[in-house]
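# A structural walkthrough
In case you want the letters, here they are:
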Amino acid sequence: MSNAASLQELLSGASELTIVCHNNPDPDCLASALALGRIAAKVGIDERRIVYSGRISHQQNRAFVNLLEIDLKPFDAAAITERPEDSLLAFVDHAVPGANNEVPEGTHVDIVIDHHPNDDIDATFVDHREELGATATILAEYVEELDVELDTPLATALLFAIRRETLGFLRGTTPAEYEAAAGLHDHADRGLLRELSSPSVTGATVDAIADAIDNRTVRGAVLITHVGRTTERDALPQAADYLATLEGVETAIVFGIIDESIHISARSTDARVNIGDVLSTTFDEVGSAGGHREMAGGEIPLGIFAGYTSDDTTLVDIVAAVVTDRLLDGLGLVDPESQKETTEE
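The structure reproduced in this document is the subject of the present report.

Rules behind the numbers
- Residues numbered from 1 in each chain as written.
- Predicted model: local features only at pLDDT ≥ 70, side-chain atom pairs only at ≥ 80, totals over all residues.
- Heavy atoms only, no water.
- Pairing = 2+ DSSP bridges.
- Helix = DSSP H or I, 4+ residues; strand = E, 2+ residues; numbered from the N terminus.
- Right-handed = clockwise from strand over helix to strand, strands pointing away.
- Buried < 20%, exposed > 50% of the residue type's maximum accessible area, 1.4 Å probe, protein only.
- Contact = heavy atoms within 4.5 Å.
- Salt bridge = Lys/Arg side-chain N within 4 Å of Asp/Glu carboxyl O.

Across 5 bridges, strand 1 (residues 16-20) lies against strand 2 (residues 47-52) in parallel orientation. Following the sheet pairing, Ile19 is matched in strand 2 by Ile50. Note on the crossover from strand 1 through helix 2 (residues 27-42) to strand 2: the handedness is right-handed. As judged from the 2 bridges shared by strand 2 and strand 3 (residues 73-74), these two strands associate in the parallel manner. Following the sheet pairing, Val51 is matched in strand 3 by Lys73.

Quick look at the structure:
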């Protein structure tokens, strides 16, 4: 039995489905959730909800939700922990309770569909394809195999998600992404795809990216920088994407303080560096971090710096120094100044 058929069989015995997006969901997660909801509707599940935590702050993500009219609900713990027995819980584009989501650790998950590296997935149904460039690729395959109606909003959502997750088919792309895109192309709204690709940018996002440019430290082909404290979480991956194109740079890492956490976004085209493994090894003891060879991220509770200082400016300086040093160490780089001081001593 194929994965799609197994999923359909599991869904057919349920009365409701709760689809949990990861924190601050992106188009790959949102489109995958939309497609899974459509599959559930086809097998007769009338009670469906897509929930998320965090914020949808990236201008592209906001446009995605608004223009495609995706019905999202704020995360409610009770809706997860107090479900009927024939209710199913699904994760798309993430896999483990408590990791990049607000679901309590130890909660049983019925469905996991994901493409991110992970060795700790435990669910009734699992389709985990780390080799693929996008989770939406998997859902596009299901939609075709299960003969789900591929209307314009769904096709546009899945196609845009695949394009965005693979940076226009340039990052982590496999033949499966091209095959999925070919099947979606004729059903998608090209004008809407263009609109989603060029959303307006807020002044705060531009300011954060400017700070990342100003604060950059370069060691060989590695660029590390920070944006200080910001409300623009999604400026970090935008800055990382931009700075990774700088001449001579193969790895770009951007971090910043958002509320009570340090957020990190990284990009790498260096064949010698698995940036997901670097972040995981460097920060797993103090936070949550990881991802793919070319793209990764992480979040560290600011509480580990509690007691250092009550002055926010000083705190930013301390965080910048500590995180940069950890990254340099994790990448096996030596600060020339530190090396010089050691030699002189």
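With respect to the element layout, Ala77 can be found in helix 4 (residues 77-81). Taking C-alpha positions, Ala77 is 8.1 Å from Pro104, a pair spaced 27 residues apart along the chain.

This part covers the side chain of Thr18. You can see Thr18 is positioned in strand 1. For Thr18, a relative accessible area of 0% corresponds to the buried category. Ignoring sequence-local partners within four residues, the contact set of Thr18 consists of Arg49, Val51, Ala79, Ile80, Arg83, Leu88, Leu89 and Ala90.

Here the focus is the pattern of salt bridges. Counted under the stated rule, the structure contains 15 salt bridges. Taking the shortest distance from any N to any O, the salt bridge between Asp259 and Arg55 comes out at 3.9 Å. Here Arg55 lies in the loop between strand 2 and helix 3 (59-67) and Asp259 lies in the loop between strand 9 (251-258) and strand 10 (261-268), a separation of 204 residues in the sequence. Assessed through its relative accessible area of 36%, Arg55 is described here as partly exposed. Among the salt bridges present, the one from Asp241 reaches Arg267, with a minimum N-O distance of 2.6 Å. Here the residue Asp241 occupies a position in helix 10 (residues 235-243), and Arg267 occupies one in strand 10, the gap between them amounting to 26 residues. Across the pair, exposure class does not vary: Asp241 and Arg267 are buried alike. The structure contains a network of salt bridges with shared partners spanning Arg164, Arg171, Asp241 and Arg267.

These results come straight from atomic positions and should not be treated as a statement about function.
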